[in-house]
Amino acid sequence: MLSLLRPVLSLLSGVALLLLGSGLLNTLVPLRASQAGYPDALVGGLTSAYFAGFFIGTFVAPSLVRRIGHIRAFAFYTACCACVVLLHTLSVDPILWLLARLALGAALVGLYTVIESWLNAQAEPPQRGRVFAVYMAVNLGALALAQQLLHVEGGADFVLFVLVALLVCAASLPVLLTRQAQPQLQPAPRLQLRRLLAVAPTAGVGALVSGLAMGALWGLLPVYFSRQGMDASGIGMSMSVAILGGAALQWPLGRLSDRHDRRFALALACAAACVFAALIPMTMPFAGMSQGLVFLYGGMAFSAYPIVVAHLLDQLPPEDVLAASSSVLLVNGIGSALGPLLAGLLMSALGPAALFAWFALLQGSLAVYAGYRYQAHRRSHVPGAPFFAMLRTTPASLEMLAAESEDGRPDDEPVGNEQAGTTRDRPEGAGAARD
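Conventions adopted
- Residues numbered from 1 in each chain as written.
- Predicted model: local features only at pLDDT ≥ 70, side-chain atom pairs only at ≥ 80, totals over all residues.
- Heavy atoms only, no water.
- Disulfide = S-S within 2.5 Å.
- Buried < 20%, exposed > 50% of the residue type's maximum accessible area, 1.4 Å probe, protein only.
- Phe/Tyr/Trp six-rings, centres within 6.5 Å; stacked < 30°, edge-to-face > 60°.
- Helix = DSSP H or I, 4+ residues; strand = E, 2+ residues; numbered from the N terminus.
- Axes fitted to C-alpha atoms, helices over the stretch in contact; angles between N-to-C directions.
- Contact = heavy atoms within 4.5 Å.
- Nonpolar A, V, L, I, M, F, W, Y, C, P; charged D, E, K, R; others polar.

1. Some remarks on the state of the cysteines
Applying the stated criterion to the full structure yields 0 disulfides. Looking at the unpaired C80, the closest cysteine sulfur is the one in C83, lying at 6.8 Å. Judged by relative accessible area, which is 26%, C80 ranks as partly exposed.

Here's what the structure looks like:
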């Protein structure tokens, strides 16, 4: 494993530091905004602005990286992130913070584009599945650890923002010191959304609903915990529990989806998430029970998007995988931008508990839809691309999944049962018929 990771250790070190900073900031901003008297709708708008910037940056970053190279682009984007983070210390003006969140989303997606395209180039095709798995483990581990940095006290409101800026700047150091050759960033074509919905409607609907739910989770769950009287330590612990749930339960749910129809696995995960979301507000007076439910909800909610992507890969020939994955990422980004805004409006109108009503409504609706698609088209399982634990990321990292779908499976991991075939082994048109 060390020999596998040696070429990408510097990049993974940068990833860990970057995610420590951005993970802390994504919790810190809604907390500080709430403390400054922002209404819940505006707090949700801050997260929507971040995902809108992320969405815009997906189109801007590749051309910039091609023009100035990976290393210079990484240095450029880390400087942008540090400047934008420090803007939060100058004022709590809502317009300034909205613009800062928009700029931060665009800058961070630029950093992810550099890192993920570089990882993709450094890993040999048979190793990409394992490198991708390690990358996702570093992502989730850093995000969970970042929540504990809320414990840091410096006697001033700006200290945690300065810490975020330091971590983001430090993330550039291992990348700037690397001797690895810079790769060429290839364009990521998109499958037309109309065709995406025609070939795999469950994937399109699932990506949108997952974005609506997860965008609200990142932006408003810390606010909900704050309204329940939790201090920074409790909020950080609760957010870590949700993220660790996502890390722990993605794999068993993924293996379930590898062995059964993925729509069945998606319906099961979303139905469970709906129940857990409905129960969490009722159990808040009982800390142990509520934290357990937060863990389970995080595990189910974080699993929806990777199951959706794996289902999409099952339906398409290898030459369409990258285009389709990029398109489903676009749909998920739209949901992520709209979700916090809509959930924030509900919380402003109905109170903090409306956040979990939003989660339950979305997860329950997706469970019903996926279950309907499963029942309407139930047939014998046709194994396809294997499940990969993942977060919403950039098209660059999806090239790793594209390579895996062409090979059918990683070289050291079986898929489904002993008769598992590959995407290429299917009769023509078999994938589309499943959905």
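2. As for the packing of aromatic side chains
Evaluated as defined, the whole model comprises 13 aromatic pairs. Where F55 meets F59, the ring centres are 5.4 Å apart and the plane angle is 80°; that geometry is what we call edge-to-face. Taken together, the residues F55 and F59, both in helix α3 (residues 40–68) and 4 residues apart, mark about one turn of the helix. By relative accessible area, which is 44% here, F59 ends up partly exposed. Note on W97 and F161: the rings are 6.1 Å apart at their centroids and 75° apart in plane angle, and the pair reads as edge-to-face. On the criterion of sequence distance, the pair formed by W97 in helix α5 (residues 94–122) and F161 in helix α7 (residues 159–177) is long-range, its members being 64 residues apart. Owing to a relative accessible area of 2%, W97 belongs among the buried residues under this scheme. Members of the aromatic cluster, each reached through a chain of ring pairs, are Y224, F225, Y297, F356 and F359.

3. A short note on the side chain of S22
Here S22 shows up in helix α2 (residues 9–35). Accessibility expressed as a relative area gives 4% for S22, which makes it buried.

4. A few points about the packing of helix α10 (residues 232–259) against helix α11 (residues 262–279)
Orientation of α10 relative to α11, taken along the N-to-C sense of each, is 145°, at an axis distance of 7 Å. Between α10 and α11, the residues in contact are L253, L256, S257 and D258 and R262, A265, L268 and A269, respectively. Per-class residue counts for the contact of α10 with α11 are 5 nonpolar, 1 polar and 2 charged.

Distances and angles like these do not, on their own, reveal function.
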